[in-house]
Protein chains: 2
Amino acid sequence: MSTEDRIQKQKDLVEKIGRHFDREGFQPIAGRIIGLLMVMDKEQYTFDEITEELHISKSSASNVLRNLEIREMIEYITIPGDRKKYYRLRQQNAFELIDEFERKSKFVTELLQEVICLKADKNSTNAQLFANVIDILEFYHENLKVLREKYIKS
Amino acid sequence: MSTEDRIQKQKDLVEKIGRHFDREGFQPIAGRIIGLLMVMDKEQYTFDEITEELHISKSSASNVLRNLEIREMIEYITIPGDRKKYYRLRQQNAFELIDEFERKSKFVTELLQEVICLKADKNSTNAQLFANVIDILEFYHENLKVLREKYIKS
DNA sequence: TATTTAGTTTATAACTTTATAAACTAAATG
DNA sequence: CATTTAGTTTATAAAGTTATAAACTAAATA
């Protein structure tokens with residue numbers, strides 16, 4: 001594959017990653033910025049390079065970059081005697097996706113427990129279904145702890 | 001707890017579950033309908049009961065109910081000689097949350113593989129981080145299969 | 001001290017989503 | 001066959017989101 005082809009594919013992948021983060025609740029421009037910083041060979045972009053590369057206004061860039069920084073998705077470094085900000089992806093916890101699952105799983109478990117707790121008939125169709133889901137989620141919760149330890153040791 | 005208190009708490013929980021599904025990308029009314037069908041003692045509601053209980057217009061109810069049905073979140077039954085539709089929660093696969101994690105995990109793994117594949121320098125900071133994430137996700141993928149078998153047997 | 005550079009802030013335009021009212025349809029009842 | 005019931009469809013109002021232009025600020029250079 002020629003370098004040009006490769007770079008074109010990288011740019012396509014930036015859009016694809018943008019759409020992924022879009023679905024995760026980020027704004028479109030935020031997704032594309034994350035994509036850019038993830039995919040391209042240059043892993044550190046200045047403010048101006050980002051606006052040029054993604055064809056977005058300075059104000060969009062400014063607002064979205066600030067937002068991504070607050071969310072701890074990206075960070076910037078500055079160099080003494082240089083007014084530019086150099087943006088790059090923040091080193092994420094590699095277990096992020098697992099942790100996210102665990103948080104959601106915990107939240108859903110608690111909701112379902114509350115639902116059952118408030119049912120007049122604890123043997124209703126839904127109460128039984130929810131008890132089943134809670135049982136599964138608690139089983140996974142226990143075992144995921146073990147799995148993580150196993151992974152870290154290996 | 002008095003029955004009245006309990007019912008008030010159920011109604012509050014309907015709203016809370018509504019917000020949860022909102023965050024999952026459902027429209028607010030859709031979330032509240034799911035909440036209603038999950039939480040209340042009556043686990044089967046007619047169209048009119050839903051519009052009255054949630055104070056929503058007939059057209060909102062009609063559109064959202066149709067949408068939830070297409071998404072296979074709810075279903076309705078009809079009774080011969082009765083024009084009403086009786087809506088209820090669809091019996092979900094109890095492993096839904098696990099499956100959802102698996103789907104997302106697979107998608108992210110493939111994206112990251114594509115990212116690394118297109119990098120000029122496979123040892124760049126990001127390439128290394130992503131390789132690490134892929135390794136973790138593949139480890140979990142393998143082990144989650146085993147976990148499910150273990151759960152089903154028990 | 002005037003000008004340029006690097007971004008930030010604010011007001012608003014453009015678009016998308018959500019919810020409704022009102023008109024409509026189709027089946028059942030009087 | 002006229003009316004009521006149960007919901008659907010359509011047009012639109014209301015609200016929320018996203019992106020921009022233009023005015024602004026603060027630091028660095030000329």
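Residues numbered from 1 in each chain as written. Chains lettered and ligands numbered in written order. Predicted model: local features only at pLDDT ≥ 70, side-chain atom pairs only at ≥ 80, totals over all residues. Heavy atoms only, no water.

S.K.: With reference to specific residues and values, describe the packing of aromatic side chains.
M.R.: Inspection of the entire model under this criterion finds 13 aromatic pairs over all chains. Centroid distance Phe 95 of chain A to Tyr 140 of chain B: 6.3 Å. Interplanar angle 80°. Geometry classified as edge-to-face. Here Phe 95 of chain A, found in the loop between strand 3 (82-89) and helix 5 (96-117), pairs with Tyr 140 of chain B, found in helix 6 (residues 125-153), and the two come from separate chains. An identical accessibility class is assigned to Phe 95 of chain A and Tyr 140 of chain B; each is buried. Both rings, one in Phe 21 of chain B and one in Phe 26 of chain B, keep their centres 5.5 Å apart while their planes meet at 80°; by these two values the pair is edge-to-face. Relative accessible area serves as the criterion here: at 10%, Phe 26 of chain B is assigned to the buried category. Following the ring pairs from residue to residue traces out a cluster consisting of Phe 95 and Tyr 151 of chain A together with Phe 139 and Tyr 140 of chain B. The ring of Tyr 45 of chain A carries Lys 42 of chain A above its face, with NZ or CZ at 5.4 Å from the centroid. Lying over the aromatic face of Phe 95 of chain B, Arg 148 of chain B brings its terminal NZ or CZ to 4.4 Å of the ring centre. (Phe/Tyr/Trp six-rings, centres within 6.5 Å; stacked < 30°, edge-to-face > 60°. Helix = DSSP H or I, 4+ residues; strand = E, 2+ residues; numbered from the N terminus. Buried < 20%, exposed > 50% of the residue type's maximum accessible area, 1.4 Å probe, protein only. Lys NZ or Arg CZ within 6 Å of the ring centre and 35° of its normal.)

S.K.: Which residues make up the sheet that holds strand 3 of chain A, and what values go with them?
M.R.: All names here are of chain A. Pairing is antiparallel across the open sheet formed by three strands, whose spatial order is 1-3-2. With one partner strand each, in any of the chains shown, strand 1 (45-46) and strand 2 (74-79) form the two edges of the open sheet. Bridge count between strand 1 and strand 3: two bridges; the pairing is antiparallel. In the strand pairing of strand 3, Tyr 45 is matched with Tyr 87. Where helix 2 (residues 28-39) meets the sheet, it contacts strand 1, strand 2 and strand 3, and its direction lies at approximately 85° from that of strand 3. The strands that helix 4 (residues 58-70) touches are strand 2 and strand 3; relative to strand 2, the one it contacts most, it runs at about 110°. (Pairing = 2+ DSSP bridges. Contact = heavy atoms within 4.5 Å. Axes fitted to C-alpha atoms, helices over the stretch in contact; angles between N-to-C directions.)

S.K.: Account for the pattern of salt bridges, naming residues and giving values.
M.R.: Residue and element names in this part refer to chain A. Scanning the entire structure with this criterion turns up 24 salt bridges over all chains. In this structure, Glu 96 engages Arg 103 in a salt bridge whose closest nitrogen and oxygen atoms are separated by 3.4 Å. With its nearest N and O atoms 3.5 Å apart, the salt bridge here joins Glu 110 to Lys 106. Separated by four residues within a single helix, Glu 110 and Lys 106 lie in helix 5, roughly one turn from each other. The exposure class assigned to Glu 110 is partly exposed, which follows from its relative accessible area of 40%. (Salt bridge = Lys/Arg side-chain N within 4 Å of Asp/Glu carboxyl O.)

S.K.: Describe in detail the domain arrangement of chain A, supporting the description with residues and values.
M.R.: In terms of domains, chain A is made up of domain 1 (3-89) and domain 2 (96-153). The distance between the C-alpha centroids of domain 1 of chain A and domain 2 of chain A comes to 36 Å. (Domains from an automatic or database assignment.)

S.K.: Let's hear about the environment of Asp 135 of chain B: which residues, and what values?
M.R.: By the secondary structure assignment, Asp 135 of chain B is in helix 6. What makes Asp 135 of chain B partly exposed here is its relative accessible area of 41%.

S.K.: Explain the protein's contact with DNA strand C residue by residue, including any values.
M.R.: Taken together, 17 residues lie near DNA strand C, and Lys 58, Ser 59, Ser 62, Arg 83 and Lys 85 of chain A sit nearest. In DNA strand C, atoms within 4 Å of the protein come 54% from sugar and phosphate. At 2.6 Å, a side-chain N or O of Ser 62 of chain A approaches a phosphate oxygen of DNA strand C. One of the backbone nitrogen or oxygen atoms of Lys 85 of chain A is found 2.6 Å away from a phosphate oxygen of DNA strand C. Broken down by secondary-structure element, the contributors of at least two residues to the surface near DNA strand C are helix 3 (47-54), helix 4 and strand 3 of chain A together with helix 2 (28-39) and helix 4 (58-70) of chain B. Looking at the surface near DNA strand C, the element that brings in the most residues is helix 4 of chain A, giving four residues. Grouping the amino acids of the surface near DNA strand C by side-chain chemistry returns four nonpolar, seven polar and six charged. (Near = heavy atom within 4 Å. Polar contact = N/O pair within 3.5 Å; in protein donor to acceptor, adjacent residues only side chain to side chain. Nonpolar A, V, L, I, M, F, W, Y, C, P; charged D, E, K, R; others polar.)

S.K.: Any chance you could break down the protein's contact with DNA strand D for me, citing the residues and the numbers?
M.R.: In the vicinity of DNA strand D lie 17 residues, with Arg 83 of chain A together with Lys 58, Ser 62, Arg 83 and Lys 85 of chain B positioned nearest. Among the atoms of DNA strand D lying within 4 Å of the protein, the sugar-phosphate backbone contributes 51%. Between Ser 57 of chain A and DNA strand D, the recorded distance is 3.3 Å, taken from a backbone N or O atom to a phosphate oxygen. Note that a phosphate oxygen of DNA strand D is positioned 2.9 Å from one of the side-chain N or O atoms of Ser 60 of chain A. Only helix 2 and helix 4 of chain A together with helix 3 (47-54), helix 4 and strand 3 (82-89) of chain B provide two or more residues apiece to the surface near DNA strand D. Counting residues per element, the surface near DNA strand D draws most heavily on helix 4 of chain B, at four residues. Here the residues of the surface near DNA strand D are counted per class, giving four nonpolar, seven polar and six charged.

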